[in-house]
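Remarks on the overall topology
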Amino acid sequence: MSKPLIVIILAAGMGKRMRSELPKVLHKVTGFPMLFYPIQIAKKLNPHKIIVVVGYGKEKVEKWLEGENIFLAYQKEQLGTGHAVLCTRDLWHSFEGDILILYGDVPLLTFSTVENLISSHIKFNATLSILTANLRNPYGYGRIVRDNNGEIEKIVEEKEADNSQKGIKEINSGIYCINAPFLFSSITSLKKENTQGEFYLTDIVEIARKNKKKVIGVLTSYPIEITGVNNRIELSFVNRVKQRMILEELMLNGVTIVDPSN
């Protein structure tokens, strides 16, 4: 059984480490801007609405999106993921379905992984569902903290984590499926009382728990899919992976490629 869905794609960041005037989400992976990939996933879900949050270089992003049936929200200051979602609030204030949060700089994510997140969210009647992954080296990612019953208690960002929490291997991908009325009521409760001085969207986990709402984690079998791009080294890496994914799909469909590495 499906539910009405709105997809929000966060694409406002400058990407300082790219060392480029081009907005990060417009840097290309296998010939297409990174933003192309989450938009294609969103379209396949046939949502009620697709919203892209723009910020740095918004004119360039808006120009690239011309002709698309996409709603835009503007994040003037980059004050965190929670603030980015807050900037979209007027576009779905009375929506009764679910909200899917995706990112414009995560081009390896596949439709099947997103579909599994949404179906699990519906199956378990969750208020908040989080795509998680187990990483051998979880440095830089928010850690999934579970209670004694194995239930998700909170997400702790790397800079806020103590030594014990830094040892947790299960991480938050940042990709969520959330009940819209809950998100609408909780998003204004976020506070920037952290080392970054930002509004963390991850804080809604604790809000959900306090309100006795069901929170689940959906573990991806392919952690490489949640790789985000923050610099040109990572851009080169995801290009290689994406090329390999395309070649493997072609080969599985009967195309002979003698040397996929060339």
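In the block above lies the structure referred to throughout.
This text gives an overview of the structure that appears in the document. (Residues numbered from 1 in each chain as written. Predicted model: local features only at pLDDT ≥ 70, side-chain atom pairs only at ≥ 80, totals over all residues. Heavy atoms only, no water.)

Along its length, the protein chain carries eight helices and eleven strands. For 262 residues, the compact-globule estimate of 2.2 N^0.38 gives 18 Å, and the protein chain sits close to it at 18 Å. Dimensions of the protein chain, computed from the C-alpha atoms along their principal axes, are close to 55 × 40 × 40 Å. For the protein chain, buried positions account for 50% of its 262 residues. For the protein chain, contacts bridging at least 24 residues in sequence account for 71% of all contacts bridging at least 6. As displayed, the protein chain offers around 13,800 Å² of accessible surface, 49% of which is attributable to carbon and sulfur atoms. The distance from the centre of the 33 positive side-chain charges to the centre of the 28 negative ones in the protein chain is 1 Å. (Helix = DSSP H or I, 4+ residues; strand = E, 2+ residues; numbered from the N terminus. Rg over C-alpha atoms; globule rule 2.2 N^0.38 Å. Buried < 20%, exposed > 50% of the residue type's maximum accessible area, 1.4 Å probe, protein only. Contact = heavy atoms within 4.5 Å. Areas by Shrake-Rupley, 256 points an atom, 1.4 Å probe, with all protein chains shown as cover. Lys, Arg positive; Asp, Glu negative; His and termini not counted. Charge placed at Lys NZ, Arg CZ, Asp CG, Glu CD.)

Further remarks concern helix H1 (residues 36-44). Helical geometry note: an α-helix holds 3.6 residues per turn, so side chains three or four residues apart project in the same direction. All of the buried residues in H1 are Tyr-37, Pro-38, Ile-39, Ile-41 and Ala-42. Asn-46 sits one or two positions beyond H1 and adopts a positive phi of about 50°.

For the rest of this paragraph, the subject is the environment of Phe-237. One can find Phe-237 in helix H8 (residues 232-252). Given a relative accessible area of 31%, Phe-237 falls into the partly exposed group. Note: C-alpha distance between Phe-237 and Thr-110 (127 residues apart in sequence) is 17 Å. Dropping the residues within four chain positions of it, Phe-237 is found in contact with Ile-224 and Thr-227.

Among the nonpolar cores identified, the biggest contains 67 residues, and Ile-8, Trp-92 and Ile-101 are the most heavily contacted of them. Contacts of Trp-92, omitting those with residues within four sequence positions, involve Ile-6, Ile-8, Ile-51, Val-85, Ile-99, Ala-180, Leu-183 and Phe-184. Listed in part, the nine residues of the second largest apolar core include Tyr-37, Leu-108, Val-229 and Val-238. (Core = buried A, V, L, I, M, F, W, Y, C linked by side-chain atoms within 4.5 Å.)

Under the defined criterion, the tally for this structure stands at four aromatic pairs. Between Phe-32 and Phe-36, the ring centres sit 4.3 Å apart and the planes meet at 15°, which makes this aromatic pair stacked. In this structure Phe-32 comes out as partly exposed when scored by relative accessible area, which is 41%. Seen from their ring centres, Trp-92 and Phe-184 are 5.8 Å apart, and the 80° between their planes marks the pair as edge-to-face. Here Trp-92 is found in the loop between helix H3 (81-86) and strand E6 (98-103), whereas its partner Phe-184 is found in helix H6 (residues 180-186), with 92 residues between them in sequence. For Trp-92, a relative accessible area of 3% corresponds to the buried category. Cluster of aromatic residues (ring-pair linked, three or more members): Phe-32, Phe-36 and Tyr-37. In this structure, Arg-89 is placed above the aromatic ring of Phe-184, and the distance from its NZ or CZ to the ring centre is 3.6 Å. (Phe/Tyr/Trp six-rings, centres within 6.5 Å; stacked < 30°, edge-to-face > 60°. Lys NZ or Arg CZ within 6 Å of the ring centre and 35° of its normal.)

Next up on the list: the pairing of strand E8 (residues 143-146). Side chains on a regular strand alternate between the two faces of the sheet. Bridge analysis of E8 against strand E9 (residues 152-156) gives four bridges, and the strand direction is antiparallel. What sits directly across from Val-145, in E9, is Lys-154. The hairpin turn running from E8 into E9, its antiparallel successor, is five residues long, and Gly-150 in that turn takes a positive phi close to 85°. (Pairing = 2+ DSSP bridges.)

Quick look at the pattern of salt bridges now. The full count for this structure, using the stated rule, is eight salt bridges. Lys-3 is the partner of Asp-98 in a salt bridge, and the nearest nitrogen-oxygen pair spans 3.4 Å. In this pair, Asp-98 sits in strand E6 while Lys-3 sits in the segment before strand E1 (5-11), placing the two residues 95 residues apart along the sequence. Of the residues examined, Asp-98 reaches a relative accessible area of 2% and is grouped as buried. A salt bridge links Asp-147 to Arg-209; the shortest N-O distance between them is 3.0 Å. Of this pair, Asp-147 sits in the loop between E8 and E9 while Arg-209 sits in helix H7 (residues 204-210), placing them 62 residues apart in sequence. (Salt bridge = Lys/Arg side-chain N within 4 Å of Asp/Glu carboxyl O.)

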